[in-house]
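Structural overview
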Amino acid sequence: SWGVGATYVTSAGDTALTIGGGLSGSEVKMTGTNLSNAKEGFHVGVSAVTGDLTVGIGFGDGDTFDDDGAGTTNTPTEIDGSVMKAGISYVTGDITLAVGTVNGEAKDSATPGTPDTTDDSHDAASASVTYAVASGVSAVVGYTTVDQNNDGVSSTDGGSAWYIGANMSF
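Turning our attention to the overall build of the protein chain. On a plain count of helices and strands, the protein chain comes out with zero helices and ten strands. The order of helices and strands in the protein chain, counted from the N terminus, is β-β-β-β-β-β-β-β-β-β. Expressed as a percentage of the 170 residues in the protein chain, the buried residues total 14%. A fraction of 42% describes how many contacts in the protein chain between residues 6 or more apart in sequence connect residues 24 or more apart. Counting every atom, the protein chain has about 10900 Å² of accessible surface; 58% of that belongs to carbon and sulfur.

This is the structure:
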């Protein structure tokens, strides 16, 4: 296996900019039902901070396999997937406003060397407001919504929710 990555930090006027990326790969010895013996992927990301505003985006893509070992079938699965995440936050006084999204897509197949033709997906969006009540204590109100598909069919694992909470640090 191998991996390599780099991060570059610079400034453009009042903006601190960070750019990062990496590649990885590995090969394993396979026995039994042959799958691709390679696991590999890459990721890239950028974040920018200007005063109280932070914006970030990242993307990753990769191929892997899984020998799920479920029951007596021991069915191996090839997986090709990608994910994109983005977010923005703004701090004003004791309040932090944040919005984020994630979009992931994958194709999995139990037939070695033949990718599935239907997608699995996970799409989510969220927003929150955090208020610094006192030193080390914050109150959070947020909303999130998730939509999932398995082999192109909507899954019951998605949904949406409001949440209220508190963070405390000592």
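On to a nonpolar patch on the surface, then. Residues Leu 53, Val 55, Ile 88, Tyr 90, Ile 95, Leu 97, Val 99, Val 129, Tyr 131 and Val 133 make up a contiguous nonpolar surface patch of about 800 Å² in total accessible area. Breaking the nonpolar patch down by element, the ones donating at least two residues are strand 4 (53–67), strand 5 (76–92), strand 6 (95–109) and strand 7 (120–134). Here Val 129 shows up in strand 7. Overall, the relative accessible area of 39% leaves Val 129 in the partly exposed class.

Oppositely charged side chains can form a pair if their charged atoms are brought close together. Per the counting criterion, the structure on display carries one salt bridge. Linking Asp 119 and Lys 107 is a salt bridge whose minimum nitrogen-to-oxygen distance equals 3.9 Å. Highlighted residues: Asp 119 in the loop between strand 6 and strand 7 and Lys 107 in strand 6, separated in sequence by twelve residues. A relative accessible area of 25% means that Asp 119 is categorised as partly exposed.

Each aromatic ring pair is summarised here by two numbers: the centre-to-centre distance and the angle between the ring planes. Taken as a whole and judged by the stated rule, the model has two aromatic pairs. Note on Phe 42 and Phe 59: the rings are 5.9 Å apart at their centroids and 45 degrees apart in plane angle, and the pair reads as tilted. Within this pair, whereas Phe 42 is found in strand 3 (residues 38–50), its partner Phe 59 is found in strand 4, the two being separated by 17 residues in sequence. For Phe 42, a relative accessible area of 35% corresponds to the partly exposed category. In this structure Phe 59 comes out as partly exposed when scored by relative accessible area, which is 33%. Geometrically, the ring pair formed by Tyr 143 and Trp 162 is tilted, given 4.9 Å between the ring centres and 55 degrees between the ring planes. Here Tyr 143 is found in strand 8 (residues 137–150), whereas its partner Trp 162 is found in strand 10 (residues 159–168), with 19 residues between them in sequence.

Looking at chain direction, strand 6 and strand 7 are connected through twelve bridges and run antiparallel. Within strand 7, the residue paired with Ile 95 across the bridge is Tyr 131. Between strand 7 and strand 8, which pair antiparallel in sequence order, lie two residues; one of them, Gly 136, sits at a positive phi of approximately 85 degrees.

What follows is about the environment of Gly 13. Inspection of the secondary structure assignment puts Gly 13 in the loop between strand 1 (2–12) and strand 2 (15–27). Sequence separation between Gly 13 and Thr 50 is 37 residues, and the spatial gap between their C-alpha atoms is 9.1 Å.

Attention now moves to the pairing of strand 8. Relative to strand 8, strand 7 is paired through 13 bridges, and the arrangement is antiparallel. Looking at the pairing, Val 129 lines up with Val 141 of strand 8. Across ten bridges, strand 8 lies against strand 10 in antiparallel orientation. Its bridge partner lying in strand 10, Val 137 is registered against Met 168. With two bridges connecting them, strand 8 and strand 9 (residues 153–154) associate as antiparallel partners. Paired with Asn 149 across the bridge in strand 9 is Ser 154.

Conventions and cut-offs
- Here the residue numbers are simple positions, counted from 1 along each chain's written sequence.
- Confidence filtering applies because this is a predicted model: local features only for residues at pLDDT of at least 70, side-chain atom pairs given and counted only at 80 or more, and all residues used for totals across whole chains, interfaces and linings.
- Neither water nor hydrogens contribute to the side-chain values; these are computed over all heavy atoms in the structure.
- Think of it this way: any DSSP run of H or I at least four residues long counts as a helix, any run of E at least two long counts as a strand, and we number them from the N terminus.
- Relative accessible area decides the class of each residue, using a 1.4 Å probe on protein chains only: under 20% of the type maximum gives buried, over 50% gives exposed, and in between gives partly exposed.
- Note on definitions: a residue-residue contact is assigned when non-hydrogen atoms from the two residues lie within 4.5 Å.
- Computed by Shrake-Rupley with a 1.4 Å probe, the accessible areas treat only the displayed protein chains as cover when residues are assessed.
- Excluding any residue in a salt bridge, patches collect residues exceeding 30% relative accessible area, merging like charges within 9 Å and nonpolar Val, Leu, Ile, Met, Phe, Trp and Tyr side chains within 5 Å.
- Here, a salt bridge means any side-chain nitrogen of Lys or Arg that lies within 4 Å of a carboxyl oxygen of Asp or Glu.
- Stacked, tilted and edge-to-face are the three classes assigned to paired rings of Phe, Tyr and Trp, where Trp is represented by its six-membered ring and a pair needs centres within 6.5 Å; plane angles under 30 degrees give stacked, over 60 edge-to-face, the rest tilted.
- Two strands are counted as paired when DSSP detects at least two bridges linking them.

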